[in-house]
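Now for the letters of each chain:
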Amino acid sequence: MAAHSARRQPTAPMPLISWPKRTPQDDATLVARVRAGDQDAMAAIYGRESAAVYRYALALSGNPNWADDAMQEAFIALATRAESFDAAQGSLGAWLAGVARHWLLAQWRAAHRHEPLDEHDGDDGPGVAATDAVLVRRQDIDALWTAVRALPWPFREALVLVDLQERPYEQAAAIAGVEINTLRSRLHRARARLAALLNEPAPATAGQAAGEVA
């Protein structure tokens, strides 16, 4: 998109990501105008949705360049195949996020050819507090995002969609391309993994280690 030719400066994602609230009628009307070649409609959609798509992609990937490219791919898809959007199946923001998600997943798979998506290893224990409760206890955003990015892709995606973006389960499952029960299972395991990572003691610094030896 011409309006976004310059790269965004790398920034840390915020812990909560709000998504614009629109009606299906708003989305359907604008997309119909895009299909008719209305550049003003495309600009309007870009203005209202691009930042949220970028933040979602950044939260999922942790890579500003990937996030920027994923956002661009989402709008290229809208410009070239707007007819594939169906307002009855979900919001335009969710559709754009889904396109960005597919692009990011392809990049992740290319960069981790020999790594499985890792969805079943380990015992995550019984009930786990939600991510916002973990945040209240820790108050350490840097540690949170380091831990989120250490999660396997399916768990990270579930956590970003539900706990960080606060999407309904139905919409989050549609974006991830899984059944709601699968999403719930991934989210439970993601919360458990995240809590375990955040509760790990920080490694001792060189100075601390030297003091202990002395």
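Conventions and cut-offs
Residues numbered from 1 in each chain as written. Predicted model: local features only at pLDDT ≥ 70, side-chain atom pairs only at ≥ 80, totals over all residues. Heavy atoms only, no water. UniProt positions renumbered as here; feature names shortened; annotations may be inferred. Helix = DSSP H or I, 4+ residues; strand = E, 2+ residues; numbered from the N terminus. Buried < 20%, exposed > 50% of the residue type's maximum accessible area, 1.4 Å probe, protein only. Contact = heavy atoms within 4.5 Å. Salt bridge = Lys/Arg side-chain N within 4 Å of Asp/Glu carboxyl O. Axes fitted to C-alpha atoms, helices over the stretch in contact; angles between N-to-C directions. Parallel < 35°, antiparallel > 145°, perpendicular 65-115°, else oblique. Nonpolar A, V, L, I, M, F, W, Y, C, P; charged D, E, K, R; others polar. Bend = angle between axes of the 7 residues up to and from the residue. Polar contact = N/O pair within 3.5 Å; in protein donor to acceptor, adjacent residues only side chain to side chain.

Going by the annotation in an unreviewed UniProt entry, the name recorded for the protein chain is RNA polymerase sigma factor, with Piscinibacter terrae given as the source organism. The Sequence similarities (unreviewed entry) comment attached to the protein chain in UniProt states, word for word, "Belongs to the sigma-70 factor family. ECF subfamily."

When its secondary structure is counted, the protein chain shows ten helices and zero strands. Along the protein chain, from the amino end to the carboxyl end, the secondary structure elements read α-α-α-α-α-α-α-α-α-α. The 214 residues of the protein chain split such that 43% are buried. Considering only residue pairs separated by 6 or more positions, the protein chain has 73% of its internal contacts joining residues 24 or more positions apart.

Below, the discussion takes up the pattern of salt bridges. Inspection of the entire model under this criterion finds five salt bridges. Note that Asp27 is salt-bridged to Arg48, the shortest N-O span being 2.2 Å. With Asp27 in helix α1 (residues 24-35) and Arg48 in helix α2 (residues 39-61), the pair connects residues that are 21 residues apart, well separated along the chain. Judged by its relative accessible area of 2%, Asp27 falls in the buried class. Arg48 gets classed as buried once you look at its relative accessible area, which sits at 15%.

Here Arg81 is to be found in the loop between α3 (64-80) and α4 (92-111). As a C-alpha pair, Arg81 and Val34 span 47 residues in sequence and 9.9 Å in three-dimensional space. Aside from chain neighbours lying at most four places away, what touches Arg81 is Trp95 and Val99.

This next bit is on the packing of helix α7 (residues 153-164) against helix α9 (residues 180-199). Taken N-terminus to C-terminus, the directions of α7 and α9 make an angle of 100 degrees; their axes are 8 Å apart at the nearest point. On the basis of the axis angle, α7 is roughly perpendicular to α9. Contact residues: α7 offers Pro154, Phe155, Glu157, Ala158, Leu159, Val162 and Asp163, while α9 offers Leu183, Arg186, Leu187, Arg189, Ala190, Arg191, Arg193 and Leu194. Class assignment for the residues of the contact of α7 with α9 results in nine nonpolar, no polar and six charged.

Another point: α2. If you look at α2, its biggest bend is around 45 degrees, right at Glu49. A distance of 2.9 Å separates the backbone nitrogen of Asp40 from a side-chain oxygen at the start of α2, and that oxygen is part of Asp38.

Looking now at the environment of Glu49. Looking at where Glu49 falls in the secondary structure, it is placed in helix α2. Residue classification places Glu49 among the buried residues on the basis of a relative accessible area of 1%. In sequence terms Glu49 and Gly93 are 44 residues apart; their C-alpha atoms lie 6.3 Å from each other.

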